Amino acid sequence: MHFFSRIPFRRIHSDEPVPGQVRRPAPVKEPPDGGWGWVVVLSAFIFNVLVLGFHNSFGVYLISLLETYEEADSTIAWVGSISYGLIMMFGPLSGKLTVKYGAREVSIIGSIIIIISIVCSSFTPSLGVLFLTHGFLTGLGSSFAFTPGMIMVSQYFTTKRSFATGIVMSGGAAGALIQTRLHQFLIAALGWRESLRVFAAVMVLCIIAGFAYIPLNPRGTNKDFNNIPIQRVMNKLRDFTCQTLKQYYVVDLGLWKDRVFVIWVLANGFAKFGFFIPFVHLLKHATQLSISASKAGNIMLVLGLSSMISRIVFGKICDSERINRLYINQGSVFLVGLLYLFFPLFYSYGSLIAFGLLLGFADAGNYILLPVLTFDLMGAERMPVAWGFMLTVNSISSFGPPFAGWMNDLTGTYNLGFVVAGVLDVVATFILAMIPFVKRSAVQSHKSIMNVTICESTREIRQWDDINNFAEVTTTFQNSELDEGTSDKEFEE
């Protein structure tokens, strides 16, 4: 028995280090800016086409739901708005689950939830049940399915990140372009309940696409500190507040102390209030102006086509080092605000076609730069949590369609709903203008760290790419402490 107990069978199949040896963490892989990253982009694009495209084309179901449940316009609008808003509200949860369990697992589970919820929605006997199935469950599943893709693209690309993000984000517009006609045809041929069941079968493609989310740096890659005696040095780094390192992720509570982040999410909260209004109400608004349903569908097609092309073009342009992404985003928000403010002037079929064309172009800059600028402003380490919080704040967009529907119930037109959204966009433009000034003056005293350190004297940030670099980091830190009058004895203590 003693002989067999000395044979290290368990160690052959285990990640546990052999006693007496120090395990060297695998080096961190640099973003390839291509390669498998393009497969990830294609997969995320498919998710956006099917998931966001479904939400963006929900306005097609609005008329059928009004006829079935005989409720007010503003009440029915809450069904799609809650679902879309929950994509944002569950963003932090989706981001943390993605970091902890992996993008592949979270996105596939989200796809399965969507399929189940859509099938259940097709059998709902009342509007209250539809609020649960489509409003809550579809929103939850959509958040799990959508969020991992944006995080994965940010990890695989650096110099081409805007272009890759533009391709992915164009999927939502392409989905609206395709699904508007698809659902119109299915509803006319089969009814809205059967249309949902057919789409649930199509959603199986997302489960297949989810398997492409292979992590660039698997868990444990250069992030396992269990065998590195760094705690003494960590405690000496006063400019860093080391958050609790969970097994697989970092909880960055100091993110909301960053004034740049607060301004960024506040501005986008204002800007996104009216984002979802056209996708829910523009088709019905056109029919109220005596425009046929088929022509009204053409307006949504133009909007979707313009958005898809513009997002790819803006993504390519914003990869240039000569382009200030923040200014592009600010100009985009301002143009959308102007279009909403002048929406009452678009009252004919031709003018609404022009409105859809211009809106798709104007909104592209803000839409594709949302994850890119979040990454630029907050950094790679805080991107998952920052992106999750960003989505939560942007859930304010779920209040836009019910508000516009309420305005329609009161005044008989959606004009006032669009105008109010335009005012908020203009306000957001001025808030965004504060970011460059705050960035110059901000001194971040609380930072979240994973595998980096900072020298107090030089403010140089260094990454522990290998355990051999730890000695250099320790020596540098010790010298900086001694320069400030700290003795060797105090450092050892």
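Residues numbered from 1 in each chain as written. Predicted model: local features only at pLDDT ≥ 70, side-chain atom pairs only at ≥ 80, totals over all residues. Heavy atoms only, no water.

As annotated in an unreviewed UniProt entry, the protein carries the name Major facilitator superfamily (MFS) profile domain-containing protein and comes from Lepisosteus oculatus.

Caption draft 1: Structural detail: the overall build of the protein. Within the protein, the secondary structure is distributed over 23 helices and two strands. Here the protein, with 493 residues, has 54% of them falling under the buried criterion. The long-range share in the protein, meaning contacts at least 24 apart out of those at least 6 apart in sequence, stands at 83%. (Helix = DSSP H or I, 4+ residues; strand = E, 2+ residues; numbered from the N terminus. Buried < 20%, exposed > 50% of the residue type's maximum accessible area, 1.4 Å probe, protein only. Contact = heavy atoms within 4.5 Å.)

Caption draft 2: Inspection of unusual backbone geometry at higher detail. In this structure, Ser 290 takes a positive phi of about 65° despite not being glycine. With respect to the helices and strands, the residue Ser 290 is situated in the loop between helix H14 (277–288) and helix H15 (293–317). Classification of Ser 290 as exposed rests on a relative accessible area of 71%.

Caption draft 3: Structural view of the nonpolar core. Within the largest apolar cluster, 116 residues are counted, with the highest numbers of intra-cluster contacts made by Met 203, Trp 264, Phe 355 and Trp 387. Residue contributions to this core reach at least three from each of two domains, namely domain 1 (31–217) and domain 2 (251–458). If we ignore the near neighbours within four places in the chain, the residues touching Trp 387 are Phe 146, Thr 147, Met 150, Ile 151, Leu 370, Pro 371 and Thr 374. Among the nonpolar cores identified, the runner-up in size contains five residues, and Leu 86, Phe 90, Leu 140 and Phe 144 belong to it. (Core = buried A, V, L, I, M, F, W, Y, C linked by side-chain atoms within 4.5 Å. Domains from an automatic or database assignment.)

Caption draft 4: Geometry of the side chain of Ser 64. Take Ser 64: it is sitting in helix H4 (residues 59–69). The class of Ser 64 is buried, set by a relative accessible area of 12%.

Caption draft 5: Structural context of the packing of H4 against H14. Between H4 and H14, the shortest axis-to-axis distance is 7 Å and the interhelical angle comes to 60°. Relative to H14, the crossing made by H4 is right-handed. Here Gly 59, Val 60, Leu 62, Ile 63 and Leu 66 of H4 come into contact with H14, specifically with Phe 279, Val 280, His 281, Leu 283 and Lys 284. Here the residues of the contact of H4 with H14 sort into seven nonpolar, two polar and one charged. (Axes fitted to C-alpha atoms, helices over the stretch in contact; angles between N-to-C directions. Left-handed = near helix turned anticlockwise from the far one by under 90°. Nonpolar A, V, L, I, M, F, W, Y, C, P; charged D, E, K, R; others polar.)

Caption draft 6: Looking closely at the packing of aromatic side chains. Counted according to the given criterion, the structure contains 22 aromatic pairs. Ring-pair connections join several aromatic residues into one group, and the members of that group are Tyr 340, Phe 343, Phe 346, Phe 355 and Phe 418. It is Arg 197 that lies over the ring of Phe 123; its NZ or CZ is 4.0 Å from the centre. A cation over a ring is seen here: Lys 295 above Tyr 349, with NZ or CZ 5.3 Å from the ring centre. (Phe/Tyr/Trp six-rings, centres within 6.5 Å; stacked < 30°, edge-to-face > 60°. Lys NZ or Arg CZ within 6 Å of the ring centre and 35° of its normal.)

Caption draft 7: Spatial organisation of a nonpolar patch on the surface. A grouping of Leu 341, Phe 342, Leu 345, Val 423 and Val 427 is seen on the molecular surface, where their side chains present a nonpolar patch of about 420 Å² in accessible area. As for its placement among the helices and strands, Leu 341 is situated in helix H16 (residues 325–341). (Patch = residues over 30% accessible without salt bridge, like charges linked within 9 Å, V, L, I, M, F, W, Y side chains within 5 Å. Areas by Shrake-Rupley, 256 points an atom, 1.4 Å probe, with all protein chains shown as cover. Salt bridge = Lys/Arg side-chain N within 4 Å of Asp/Glu carboxyl O.)

Caption draft 8: Fine view of the packing of helix H9 (residues 161–190) against helix H17 (residues 349–378). Closest axis-to-axis distance for the H9/H17 pair is 8 Å, and the angle between their directions is 140°. With respect to each other, H9 and H17 are oriented oblique. Handedness of the H9/H17 crossing: right-handed. Within the contact between the two elements, H9 uses Arg 161, Ser 162, Thr 165, Gly 166 and Met 169 and H17 uses Tyr 367, Ile 368, Leu 369, Pro 371, Val 372, Phe 375 and Asp 376. Here the residues of the contact of H9 with H17 sort into seven nonpolar, three polar and two charged. (Parallel < 35°, antiparallel > 145°, perpendicular 65-115°, else oblique.)

Caption draft 9: Fine view of the pattern of salt bridges. Per the counting criterion, the structure on display carries one salt bridge. The residue Arg 197 makes a salt bridge to Glu 194 at a minimum N-O spacing of 2.6 Å. Here Arg 197 and its partner Glu 194 are both found in helix H10 (residues 192–202), three residues apart, which amounts to about one turn of the helix.

Caption draft 10: Local environment of H14. Counted at 1.5 Å a residue, the expected span for H14 with its twelve residues is 16 Å, and the 16 Å between its end C-alpha atoms agrees. Along H14, ten of the twelve residues are buried, which leaves the element largely enclosed by surrounding structure. (Expected span 1.5 Å × (residues − 1).)

Caption draft 11: Structural detail: the environment of Ala 271. Among the structural elements, Ala 271 can be located in helix H13 (residues 259–271). Note: C-alpha distance between Ala 271 and Val 336 (65 residues apart in sequence) is 8.8 Å. Each residue touching Ala 271, except ones within four places of it in the same chain, is listed here: Val 333, Asp 425 and Ala 428.

Caption draft 12: Seen up close, H10. The complete set of buried residues in H10 reads Trp 192, Ser 195, Leu 196, Phe 199 and Ala 200. Down the axis of H10, the buried side of the element spans an arc of 140°, and every buried residue falls inside it. Where H10 is buried, its residues meet helix H3 (36–56), H4, helix H7 (103–121), H9 and helix H11 (204–210). (Arc of directions from axis to C-beta.)

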